[in-house]
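Residue-level structure breakdown
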Amino acid sequence: MCKAPTPTDSVYTKLNKDEKPETNDNADDVTTSNARACPTVAYSFTEPSDKSLRVKDHFSSLLFGGSVANTVLELVLLTAPFVAVNYGGEALNVERSMPLKEVAVFFLVSSIVRRVYNAYLEAVYFSFPKLRTQSPKAHLLKQKKDLMGRDQEQLELLDGHDKWTMVSQCVLNFGLYFMLPGLYPSGEVAEGLEEQSFQERFLRLIANHYVMSFGMYWAHRSLHVVPYLWDKIHSIHHWAKHPLSRNTYEDHWFDNFANAIIGHIYAQILVPLDRPTFWFSHIFRILESLEKHSGVSCGFNLAYSAQQWLPFAQMPHHHDWHHEGFKGSNYTFSSIGGLWDCVFGTRKGGRYTANNSAAATREDLQAKGKVKELPSWFSPLAPLVGLTAAVCMKLNQSFEN
């Protein structure tokens, strides 16, 4: 069993300005032995510039998982639908939806993309210190803190939420497959209709993402403004003051659960995408979410570079700044596009001057004024109630038809 680090272990060594660990013959032995005996400890608590670490220690949670138990659990959950299809066959398929086997492949591919792209982003972060939105000193190890500023007790709690997130997401994803026919679109074109043109798919994709962003904007703002939601749920994610892509989904399990419903599911119901666009949208959102926490804001961010032309576009440096403020981070809530932060007065340029302003947007350079606070009589949950009502009306119409 891996031994949890203690304040005297070299994995907590405080580094100097040159990012070189303090020299200590015994400490080197402890670092190497702890790193190789326990990848999670090495991954979380050892500065990646330490030459005693191997490549797989740098990115252990990406391809194989920093936690062996979590990796095994994920493999079980990803395999279970294939087993069900093998025994149940086509009888398990839902009308107007893609086959259950394709849904299983969809989530398997999503998992692979998350791990591989996470590895890519962290490789960029550690290979090009000058591209970081925060200075290299910000991520230097402090006593009892990991690279993102979280202590051992917090990491252990997050590990539990990771397990609940995987289980709850699996139940939600496959439960909705059977409850809401058509949520996972089939490739069939309804009688009397023509296959969507590229232009229609593109416009639907933009509309879908802005609806998704609207819901996630108000959900995110509510998590900051409503005291109970902040204290019990969202503050856990903000333990990471210096985010890296690895902590993208390290939230309270209910935080991830609500985001999946208010974001992806609501948007697909209100602005449905066809089969190929649905696949593309989901993969694009994975890239965008990981990049937002990557700690680098530059051309290596594929998704953000692709959407930088959109009006009011945001880049990873905006969300990086959001994390630095902890409870004062009541700004920059948008998940993609950045429109709603501009509309509702919560945009901040953040560290747009990083990397010689290479990723700065027009709004960053022109931004003036203070963040607008909500009126005391207005609840940030109100737009979510309205969005939910619209979803219910749409579902009612579809069931009647």
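Every value quoted in this text rests on a predicted model; they were computed, and no experiment measured them. (Residues numbered from 1 in each chain as written. Predicted model: local features only at pLDDT ≥ 70, side-chain atom pairs only at ≥ 80, totals over all residues. Heavy atoms only, no water.)

What the protein contains, in helices and strands, is 17 helices and zero strands. A burial count over the protein gives 51% of its 401 residues as buried. Taking contacts inside the protein between residues at least 6 apart in sequence as the whole, the part at least 24 apart equals 75%. For the protein, the accessible area works out to roughly 19700 Å², and carbon and sulfur atoms hold 62% of it. (Helix = DSSP H or I, 4+ residues; strand = E, 2+ residues; numbered from the N terminus. Buried < 20%, exposed > 50% of the residue type's maximum accessible area, 1.4 Å probe, protein only. Contact = heavy atoms within 4.5 Å. Areas by Shrake-Rupley, 256 points an atom, 1.4 Å probe, with all protein chains shown as cover.)

Per the counting criterion, the structure on display carries nine salt bridges. Among the salt bridges present, the one from R204 reaches E200, with a minimum N-O distance of 3.4 Å. Within this pair, R204 and its partner E200 are both found in helix α8 (residues 198–225), separated by four residues, close to a single helical turn. Residue class for E200 comes out partly exposed when judged on its relative accessible area of 35%. (Salt bridge = Lys/Arg side-chain N within 4 Å of Asp/Glu carboxyl O.)

Let us now look at the side chain of H252. The residue H252 is located in the loop between α9 (227–232) and α10 (253–270) in this model. Given a relative accessible area of 14%, H252 falls into the buried group. A distance of 3.0 Å separates a polar side-chain atom of H252 from the backbone nitrogen of F254. Not counting chain neighbours up to four residues away, the residues in contact with H252 comprise H161, K232, I233 and I236. (Polar contact = N/O pair within 3.5 Å; in protein donor to acceptor, adjacent residues only side chain to side chain.)

Their axes nearest at 12 Å, the elements helix α6 (residues 100–127) and helix α7 (residues 152–179) cross at an angle of 155°. On the basis of their axis angle, the class for α6 and α7 is roughly antiparallel. The two elements α6 and α7 cross, and the hand of that crossing is right-handed. Facing α6, whose interface residues are L100, V103, A104 and F107, α7 presents N173, F174, Y177 and F178. (Axes fitted to C-alpha atoms, helices over the stretch in contact; angles between N-to-C directions. Parallel < 35°, antiparallel > 145°, perpendicular 65-115°, else oblique. Left-handed = near helix turned anticlockwise from the far one by under 90°.)

Ranked by internal contacts, the top residues of the largest apolar core, which has 37 residues, are V103, F107, L183 and Y184. Mapped by element, the contributors of at least two residues to this core are α5 (68–88), α6, α7, α8, α10, α14 (339–343) and α17 (382–400). It is α7 that provides the largest number of residues to this core, a total of six residues. With residues near it in sequence (within four places) discarded, Y184 still touches R96, S97, M98, V103, F107, N173, Y177 and F278. (Core = buried A, V, L, I, M, F, W, Y, C linked by side-chain atoms within 4.5 Å.)

With that out of the way, let us pick up the packing of aromatic side chains. Summed over the entire model, instances satisfying the criterion amount to 22 aromatic pairs. Centre to centre, the rings of W218 and F344 are 4.9 Å apart; their planes meet at 65°, and the pair counts as edge-to-face. Taken together, the residues W218 in helix α8 and F344 in the loop between α14 and α15 (354–357) connect sequence positions 126 residues apart. Members of the aromatic cluster, joined through ring pairs, are F106, F107, F174, Y177, F178, Y184, F278 and W279. (Phe/Tyr/Trp six-rings, centres within 6.5 Å; stacked < 30°, edge-to-face > 60°.)

Time to look at the confidence of the model for the protein. Looking at the protein as a whole, its pLDDT mean stands at 78, while 74% of the residues score no less than 70. Mean pLDDT in the protein bottoms out at helix α1 (residues 25–37), which sits at 38, and peaks at α10, which reaches 94. In the model, residues 57–62 has pLDDT below 50 throughout and makes 26 contacts with residues more than four positions away in sequence or in other chains. (pLDDT = per-residue confidence, 0-100.)

With respect to the secondary-structure elements, M148 resides in the loop between α6 and α7. We classify M148 as buried; its relative accessible area is 0%. Expressed as a C-alpha distance, the spacing of M148 and R246, which sit 98 residues apart in the sequence, is 9.8 Å. If we ignore the near neighbours within four places in the chain, the residues touching M148 are W239, A240, K241, H242, P243, L244, R246 and N247.

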